[in-house]
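Geometric and topological summary
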Amino acid sequence: MTSDLTAALGDFFAAAWPTDAPIGESGPLAETPWPLFADLGLHLVGVPEDREGSGGTFADLMALATLAGRHASDIPVVEATTGAWALVEAGLPLQPMASISIPVGASSLTIHDDQTVSGILADVPWGSTVDLVVAIADDGRTVVVKARDATVRHGVDLAGQPRDTLTFSQVAAVAIGAGTSADHVRRRAVALRVALVAGALQAISALTRRYVSERVQFGKPIGAFQAVQAHVVQIEQMAVMCTAVADRLALDDDLKDVDVAAAQLVTAENALVAARAAHQAHGAIGMTQEYRLQGYTRRLHTWTGDFGEPIDLSRRLGNTAAHEPSFARLILDHDRPELLP
Amino acid sequence: MNLVPTTLTAEERALQADVRAYLDERLAPGTYPLGLGMAGAVDADFSRDLGSQGWIGMALPAEYGGGGRTAVERQIVVEELLTRGAPVGFHWTADRQSGLNIFHNGTEEQRRELLPGISRGELSFAIGMSEPDAGSDLAAVRSRAVLEDGTWRIDGTKIWTSNATTATHLLCLFRTSEGRHDGLTQFIVPQGTPGMTIAPIPFIDGTRHFCEVSFDGVRLPDSARLGAVGAGWGQNTSELALERGGVDRWMSMMPLLEHWARSADVRDSVPAQIDLGRILARLWVYRGMSLSIARLVDSGVFPVVEAALVKEMATQFEQESLSLVRRHYGRTPALTSDDPWEALLAQAILVGPSWTLRGGTTEILRTVISKGLIKR
Ligand SMILES: Cc1cc2nc3c(=O)[nH]c(=O)nc-3n(C[C@H](O)[C@H](O)[C@H](O)COP(=O)(O)OP(=O)(O)OC[C@H]3O[C@@H](n4cnc5c(N)ncnc54)[C@H](O)[C@@H]3O)c2cc1C
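Quick look at the structure, then. None of these values were measured; they are calculated from a predicted model.

Thresholds, definitions, all that
- Residues numbered from 1 in each chain as written.
- Chains lettered and ligands numbered in written order.
- Predicted model: local features only at pLDDT ≥ 70, side-chain atom pairs only at ≥ 80, totals over all residues.
- Heavy atoms only, no water.
- Helix = DSSP H or I, 4+ residues; strand = E, 2+ residues; numbered from the N terminus.
- Rg over C-alpha atoms; globule rule 2.2 N^0.38 Å.
- Lys, Arg positive; Asp, Glu negative; His and termini not counted.
- Charge placed at Lys NZ, Arg CZ, Asp CG, Glu CD.
- 1 Å grid on protein atoms, 1.4 Å probe; cavity = no way out; pocket = protein on both sides within 12 Å on 5 of 7 lines; lining within 4 Å.
- Points joined across faces, edges and corners; volume = space filled by probe spheres on them.
- Nonpolar A, V, L, I, M, F, W, Y, C, P; charged D, E, K, R; others polar.
- Domains from an automatic or database assignment.
- Buried < 20%, exposed > 50% of the residue type's maximum accessible area, 1.4 Å probe, protein only.
- Polar contact = N/O pair within 3.5 Å; in protein donor to acceptor, adjacent residues only side chain to side chain.
- Contact = heavy atoms within 4.5 Å.
- Near = heavy atom within 4 Å.
- Areas by Shrake-Rupley, 256 points an atom, 1.4 Å probe, with all protein chains shown as cover.
- Salt bridge = Lys/Arg side-chain N within 4 Å of Asp/Glu carboxyl O.

The next point concerns the overall build of chain B. Scanning chain B from terminus to terminus reveals 12 helices and eight strands. Rg of the C-alpha trace for chain B: 21 Å, near the compact-globule value of 21 Å for 376 residues, within the 12% margin. For the C-alpha atoms alone, the extent of chain B along its principal axes is close to 70 × 45 × 45 Å. Across chain B, 37 positive and 45 negative side-chain charges occur, with their mean positions spaced 4 Å apart.

If you want it as structure tokens, here you go:
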């Protein structure tokens, strides 16, 4: 993966989201480090420069998301970069300085004959404080709307970050285009969230390793106990595994549905296992808002919770496998079948 | 810790296609005894046929009769064999670890004598490490080799030696002095050596590959010694690394899964599809990690900690996927069933607990990983 980008941005992330400070509740976009992030053009990584983006490959974007996860960044990295990408894929002009989000919840949007739109966009991260929201309408077209044209129901995710539900009734769309699909947007957002989780698990592993070497009980560091070491090992396994999955998805921006579904499933399971083990290894201090662990484990819930039920994804993968000539080849081969319904 | 993702090259995929085509014919369904991964049946004819294809000892240099190929290429061949539950028992250990050990640590004479036969699939190795009082604590090995008048005299007992009766050679770890780690030396003991007695220990499923090997005044020439006197621990550790890192650590269930996935039991059952999908997702990830490890091996690094990290998870997942498959069966499968798949499932249920013991237990692997993490 593009470790160059990670190295170059290390200082910015460390300054914006210092790793020695508690992870606080989040606020409106203007009160987060977003303005600095956008000044660097990071919100447009993965969008070609000749389309007003910041350039960079999909692998660069995955590296950026991993870094954001490692720092528990409280900005809509995935939503902004996916929204900008979808908009450009749909042939629409980008307004480089605008902040963008996308709905991650069940949404429905109708485009009327007069090009106005009505409907509900559910769970839009920072929905009320971004400039624009990009969504796929019921007819499959890509729509850009102004967030301030919506009636807002404010909400927060489990990590204390805004995720608002926006209702539009017959508002003028900023732009309407075609060229991408809800499915493509979902795949890209899920892949980027896998990268966020990988970054967060790396941070949780480092945090836990440090803590168990410092905390003394029964006259020795708790990391000297095999039972505690087992937690440390398990967390590192989950981190290595999720990173391997994220890096693998980053190899090719033509994301395959079967791969994304497998990655999403494994990541969601691993995140929970790691969160449980990390809290167990930390004891009570990990349950407080002053200690950084909660800032990561709460984000893991947010970053693995959307875009479909794991049980249904498992069923679809199983159904796909049942209709293939060989189960083993689904694991061993490069060619991927379509994910069956 | 980081595993760099990788994909197969066009040449590697061509090899995969060749292996598939060959095995589809050589191992037509119903013509061979089904096995669970590396515990596949012992079939010397099959091993010789595979050797004549150039698919054993692939990673050994061509000048010693090997394939001069890569760990990734070996993995490709092994994946196809284990998917089919092939009878790999005769050549398995020699191909996976003994050949490489002899190449790295053997004398020129040992290489010339043994490596071509390994690559032809004619030689079969068993590993004599464990003893009654030396299991996880392998450095507690007590069987001795004492140099008397230029020959080594061996006394002691090895236990849990898989396939010792059918092996042509045993590669054993003996104590040559008191130093806990630097007092151990490896030896190659040919089958039939006077004073060596091999007694099968019936395994949980009634099979007889597990053995006890006693050495009573056995005499070995110094040319049977592998590597320097006192270097056995290090050689054995490198071997264990090869033993832990491979796809055999998550593929024991593969023939059963391959069969189950295509059956009406899954096609007609949503609950079964849910479990199969979960297994698919995780195996896809383990496969990617194994391939990354094989590429590391080819780059000259041996990722000991990474191999332990994957084995610890993957072997437990083998057991979990067995439980998932089993809960759709509806009755207790019989070992004696006429249906070979039912018998194989029954066998898996019986032998499954050994998957997290052999090659280093889950608990010991955790210690290896934990120490590795502290060092980094
Ligand atoms: C199918 C199979 C094939 C095998 N084939 C071979 C072979 O070909 N050649 C060969 O030499 N050996 C072979 N073995 C032996 C194998 O290497 C040992 O079984 C293994 O190393 C464990 O040793 P043990 O059985 O003596 O268990 P023990 O070491 O007695 O362990 C018993 C339990 O105690 C735990 N334990 C022990 N020490 C610690 C510790 N320090 N911390 C935490 N927990 C600990 C273990 O994890 C385990 O749960 C085979 C074993 C099996 C099951």
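Residues and elements named next belong to chain B. In this model, the second largest pocket occupies a volume close to 750 Å³. If you trace the second largest pocket, you find 38 residues lining it, with Ala71, Leu100, Leu242, Val297 and Phe302 closest to the centre. When residues of the lining of the second largest pocket are traced back to their parent elements, those giving at least two are α3 (71-83), α4 (92-105), α6 (232-245) and α9 (270-298). The biggest single contributor to the lining of the second largest pocket is α4, with nine residues. In terms of residue class, the lining of the second largest pocket is made up of 18 nonpolar, 13 polar and seven charged. Taken domain by domain, the makeup of the lining of the second largest pocket includes at least three residues from each of domain 1 (10-123) and domain 3 (245-375).

What follows concerns the side chain of threonine 81 of chain A. All names here are of chain A. Along the chain, threonine 81 falls in helix α4 (residues 77-89). According to the relative accessible area criterion, threonine 81 is buried, its value standing at 1%. Within the structure, the side chain of threonine 81 is placed 3.3 Å from the backbone oxygen of valine 78, a separation counted as a polar contact. In this structure threonine 81 touches Leu42, His43, Val45, Leu61 and Leu192, once residues within four positions along its chain are discounted.

Another aspect to go through is empty space enclosed by the protein. All names here are of chain A. The tally for this structure, following the rule as stated, stands at three cavities of 30 Å³ or more. Approximately 120 Å³ is the volume attributed to the largest cavity. Lining of the largest cavity is provided by 16 residues; of these, Glu79, Pro125, Trp126, Gln161 and Trp303 occupy positions nearest its centre. Listed by contribution, the elements that provide at least two residues to the lining of the largest cavity are α4, α5 (182-214) and α8 (293-305). If one sorts the elements of the lining of the largest cavity by residue count, α4 sits on top with three residues.

Moving on, we get to the site of the ligand. Around the ligand, 17 residues are found, and the nearest of them are Ile127, Ser130, Ser136, Trp160 and Thr361 of chain B. Near the ligand, the surrounding residues are drawn from chains A and B. Separating a nitrogen atom of the ligand from a backbone N or O atom of isoleucine 127 of chain B is a distance of 2.7 Å. For the ligand, an oxygen atom lies 2.6 Å from a polar atom in the side chain of serine 136 of chain B. Calculation on the ligand without its partners gives an accessible area of 970 Å², and the protein chains cover 66% of this total. Residues that form the shell around the ligand fall into these classes: seven nonpolar, eight polar and two charged.

Residue and element names in this part refer to chain A. Overall, the coordinates contain 45 salt bridges over all chains when judged by the stated rule. Measuring nitrogen to oxygen at the nearest pair gives 3.2 Å for the salt bridge that ties arginine 186 to aspartate 257. In this pair, arginine 186 is assigned in helix α5 and aspartate 257 in helix α7 (residues 257-282), connecting sequence segments 71 residues apart. Residue classification places arginine 186 among the buried residues on the basis of a relative accessible area of 19%.

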